[in-house]
Amino acid sequence: MISKTRTKHTSKQRQFESLGTFNEITIFDCFDDALLDSAVNRVQEIDDTMSAFKPLSDISRLNQSAGERPVPINPETLYLLSYAKKISEMSEGAFDITIRPLVELWGISKKLNFIPTQGEIDEAKKLVNFKDLELDKINGTSFLKKQGQAVDLGGIAKGYAAEEVKRILIEGGVKSSIINLGGNAITIGTQPDNQPWFVGVQNPTAPAGEFFGMISSVNKTIVTSGCNERFFMKDGVRYHHIIDPRTGKPAQSGLLSVTLVCDNSVDADALSTAVFVLGIEKSIGLLKKYEADAIFATEDCNVFVTDGIKDRFKMK
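Because the structure is predicted, anything quoted here is derived from the model rather than measured.

Examining the sheet that holds strand β18 (residues 313-315)
As a general point, the strands of a sheet are linked pairwise by backbone hydrogen bonds and lie either parallel or antiparallel.
Right, on to step 1. Read from one edge of the open sheet, three strands run β8-β9-β18, paired in antiparallel fashion. Since the sheet does not close on itself, it has two edges, and those belong to β8 (197-202) and β18, each with one partner. This sheet shows a mean twist of 25° between the axes of neighbouring strands, independent of strand direction.
Right, on to step 2. Where strand β9 (residues 211-217) lies against β18, three bridges are found, and the strand directions are antiparallel. Opposite M214, over in β18, you have K314 as the bridge partner.

This is the structure in structure tokens:
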């Protein structure tokens, strides 16, 4: 998603895998290896604590104890679960922190062209309800009411980690940087020549790295959700990985992708999923509540851009 901006200025970079994705942190006119190491270590720490795939993580322990007992979890995990539950409420369930049973049922990219029966979908849907997630901030515990329920912070943890990287870099004196955690892009300041950063918006009908437009960015976060990342075609229908919690099926909102532009990467991460599920008309109110802008790519090959970024977005 990030366009490689050419610059004569020197830079340092870290490329690494964490949070189930490839990540890249680049700082300009700064040679502090320890600062970059600290940022990478912080991302890996968040992954260890919040991954649904690591058996000793807070999230794994919470899911394993669903319907049985509350479990103690780290304050920052409790904070992020609370944040995710609030966005679940604000989006009226278009984003749902307890979506994992449906995601596992479909197994997009893991199960070969598998389409579950309506009965299987209905059974999994019974386990998806963010209101069943109980958070006890006083005792530092969390609880899922029903056995088989499971939360997954995959739709918001990258945004949180990106914000933590930004914090570490800024506190370390970095004034020019671009952060890319699996497509969650954050720009710090401007390029060293005082020009804005230019971030490519992925063409949802083309291979990764092909853009249909560019957006200029200074101190913004940019996140894309699209149906081209993990999907399969069967009988002319595209089955993709963004599940609508309300139907239990891949979202059918008329969108191929949505790119969110706002100040906070945690918001952008979760909102991009919610907006993709809701579609253009139903998401405008939600975008306004979070002071976010969006670039919509529709199934009928049109592109719509909200007013706040029209002057900063250019089609290729």
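Once you've had a look at it, read on.
Structural notes on the environment of D267
Right, on to step 1. Locating D267 in the fold gives a position in helix α7 (residues 265-278).
Right, on to step 2. A residue is classified by how much of its surface remains accessible, and D267, at 10% relative accessible area, is buried.
Right, on to step 3. C-alpha of D267 to C-alpha of L133: the two residues are 134 residues apart in sequence and 20 Å apart in space.
Right, on to step 4. For D267, the residues in contact, after removing those within four places along its chain, are Y83, I87, C262 and Y290.
Right, on to step 5. One polar contact links D267 to Y83, side chain to side chain, over a distance of 2.4 Å.

A look at the packing of helix α1 (residues 33-50) against helix α6 (residues 157-171)
Right, on to step 1. Two numbers describe how α1 lies on α6: the axes approach to 9 Å, and their chain directions differ by 155°. As far as their axial angle goes, α6 and α1 are roughly antiparallel. The handedness of the crossing between α1 and α6 is right-handed. Here L35, S38, A39, R42, V43, I46 and M50 of α1 come into contact with α6, specifically with Y160, A161, E164, V165, R167, I168 and L169.

Examining the pairing of strand β10 (residues 221-226)
Right, on to step 1. Most of β10 sits inside the fold, with six of its six residues counted as buried.
Right, on to step 2. Neither face of β10 is open: one carries T221, V223 and S225, the other I222, T224 and G226, and all of them are buried.
Right, on to step 3. Of the pairings in the sheet, the one linking strand β7 (residues 184-188) to β10 comprises two bridges and is antiparallel in character. Bridge pairing in β10 places A185 opposite I222.
Right, on to step 4. Two elements, β10 and strand β15 (residues 255-262), share six bridges in a ladder whose sense is antiparallel. Within β15, the residue paired with G226 across the bridge is S257.

What counts and what doesn't
Residues numbered from 1 in each chain as written. Predicted model: local features only at pLDDT ≥ 70, side-chain atom pairs only at ≥ 80, totals over all residues. Heavy atoms only, no water. Pairing = 2+ DSSP bridges. Helix = DSSP H or I, 4+ residues; strand = E, 2+ residues; numbered from the N terminus. Axes fitted to C-alpha atoms, helices over the stretch in contact; angles between N-to-C directions. Buried < 20%, exposed > 50% of the residue type's maximum accessible area, 1.4 Å probe, protein only. Contact = heavy atoms within 4.5 Å. Polar contact = N/O pair within 3.5 Å; in protein donor to acceptor, adjacent residues only side chain to side chain. Parallel < 35°, antiparallel > 145°, perpendicular 65-115°, else oblique. Left-handed = near helix turned anticlockwise from the far one by under 90°.

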